Amino acid sequence: MHPQIRQDHPGNWPLCGMTLEPEEPTGRHEESPELKDFTQRLIVAAALAIPLLIVSMGGDVGVHLVPPALSPWIQLALTLPIVCWAGLPFFQRGLASLHTLHFNMITLIMFGGGAAFGYSLAATLVPDAFPATFRMPDGTLPAYYEAAGVVVALVLLGQVLELRARAATGNAIRALLDLTPKQAHRIGADDREQDVPVETVMKGDRLRVRPGESVPVDGTVLNGASSVDESKITGEPARVEKKAGDPVTGGTINGTGNLEIEAQAVGSDLRQLGRMWR
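Scope of this entry: the structure provided in the associated data block. Owing to the predicted nature of the structure, the values given are computational and were not obtained by experimental measurement. (Residues numbered from 1 in each chain as written. Predicted model: local features only at pLDDT ≥ 70, side-chain atom pairs only at ≥ 80, totals over all residues. Heavy atoms only, no water.)

1. Looking at the sheet that holds strand 5 (residues 226-229)
Here is step 1: In spatial order, the strands read 6-5-8; together these 3 strands make up an open sheet with antiparallel pairing. Looking at the sheet topology across the chains shown, the edges are occupied by strand 6 (240-242) and strand 8 (253-254).
Here is step 2: Here strand 5 pairs with strand 8 via 2 bridges, running antiparallel. In the strand pairing of strand 8, Val228 is matched with Asn254. (Pairing = 2+ DSSP bridges. Helix = DSSP H or I, 4+ residues; strand = E, 2+ residues; numbered from the N terminus.)

2. A look at the environment of Ile74
Here is step 1: Take Ile74: it is sitting in helix 2 (residues 71-86).
Here is step 2: Not counting residues within four places of it along the chain, the set of residues in contact with Ile74 comprises Val55 and Val66. (Contact = heavy atoms within 4.5 Å.)

3. A few points about a nonpolar patch on the surface
Here is step 1: Taken together, the side chains of Leu70, Trp73, Leu125 and Val126 define a hydrophobic patch exposed on the protein surface, amounting to about 380 Å² of accessible area.
Here is step 2: With respect to the secondary-structure elements, Trp73 resides in helix 2. (Patch = residues over 30% accessible without salt bridge, like charges linked within 9 Å, V, L, I, M, F, W, Y side chains within 5 Å. Areas by Shrake-Rupley, 256 points an atom, 1.4 Å probe, with all protein chains shown as cover. Salt bridge = Lys/Arg side-chain N within 4 Å of Asp/Glu carboxyl O.)

4. A word on the packing of aromatic side chains
Each aromatic ring pair is specified by the distance between its two centres and by the angle formed by the two planes.
Here is step 1: One pass over the full model with this rule turns up 5 aromatic pairs.
Here is step 2: An angle of 75 degrees between the planes, with centres 6.0 Å apart, marks the rings of Phe38 and Phe90 as edge-to-face. In this pair, Phe38 is assigned in helix 1 (residues 33-58) and Phe90 in helix 3 (residues 88-100), connecting sequence segments 52 residues apart.
Here is step 3: Taking the relative accessible area as the measure of exposure, Phe38 reaches 2% and is therefore buried.
Here is step 4: Three or more aromatic residues link up through ring pairs in this structure, and these residues are Tyr119, Phe130, Phe134 and Tyr144.
Here is step 5: Above the plane of the ring of Trp85 lies Arg41, whose end atom (NZ or CZ) is 4.8 Å from the centre. (Phe/Tyr/Trp six-rings, centres within 6.5 Å; stacked < 30°, edge-to-face > 60°. Buried < 20%, exposed > 50% of the residue type's maximum accessible area, 1.4 Å probe, protein only. Lys NZ or Arg CZ within 6 Å of the ring centre and 35° of its normal.)

5. Here's the deal with the nonpolar core
Here is step 1: The biggest cluster of nonpolar side chains holds 16 residues, and the ones touching the most others in it are Phe38, Ala45, Ile82, Phe90, Val152, Leu156 and Val160.
Here is step 2: Looking at this core, the elements that each hand over two or more residues are helix 1, helix 2, helix 4 (105-125) and helix 5 (145-177).
Here is step 3: With residues near it in sequence (within four places) discarded, Val160 still touches Leu35, Phe38, Thr39 and Leu42.
Here is step 4: Counting 15 residues, the second largest nonpolar core, distinct from the first, contains Val215, Val217, Val228 and Ala263. (Core = buried A, V, L, I, M, F, W, Y, C linked by side-chain atoms within 4.5 Å.)

6. Thoughts on the sheet that holds strand 1 (residues 183-187)
Here is step 1: The antiparallel open sheet is built from 6 strands, whose spatial order is 2-1-3-9-4-7. Each edge of the open sheet is held by one strand with a lone partner, namely strand 2 (193-197) and strand 7 (247-248).
Here is step 2: With 6 bridges connecting them, strand 4 (residues 218-224) and strand 9 (residues 259-265) associate as antiparallel partners. Across the sheet, residue Gly224 finds its bridge partner in strand 9, namely Leu259.

Read these as layout, nothing more, since geometry by itself doesn't imply function.
Structure (structure tokens):
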């Protein structure tokens, strides 16, 4: 939403309060604390929203499970944890968007849910403050607790589904990163090879890829010819012939020939300023 925001540690967007995403994926599996937190909030919100709907809408279909005078208080008790705890991140982020004047969907959710809950709370606590035109034919004031509670529960459901989808995408990226080897054969100025960690490979380094090995980083073939298995990247089963001048992709499998490549896109280039969050 705001690509100009960059920082070297996790946190929230200062403009609207949304959670920052890691700009550069890593090969380690990292459990999303936001997904865990929102899942817990969704469970609580859903468990309370179901009886809230039954109590609030039962009278509309002629099923009075609780006395009408007691119904608003029961709805308040069910809605209070949903709005004040389960939906707390939405109100925090909504207030942050108001402070910075960068409005978004969370701003609308905060106003909609907050208005429904605030009016219903006032109607329950101080009903005499409302004029007669606000009242139902039976003299009672309408309450909209179910609107606030269900909106928060549904938005939490959407957030959890989105976070799970992003986590699945991250797992797929990590699986691709795992295809790359941990070491590379770097050729020095004296043409001698030295095994070095892939993380230390710099752009422009000359690397040797032996038969049957994985290509350590993206690069360009300088010398040699071979066929490379790119099926894990492209899905195509046929090997691709590589010769001097052809590009090679990190994680692909070299065939029977020796290749000397020049490193082009390496992890150290992306991490030279540290791991960034956006």
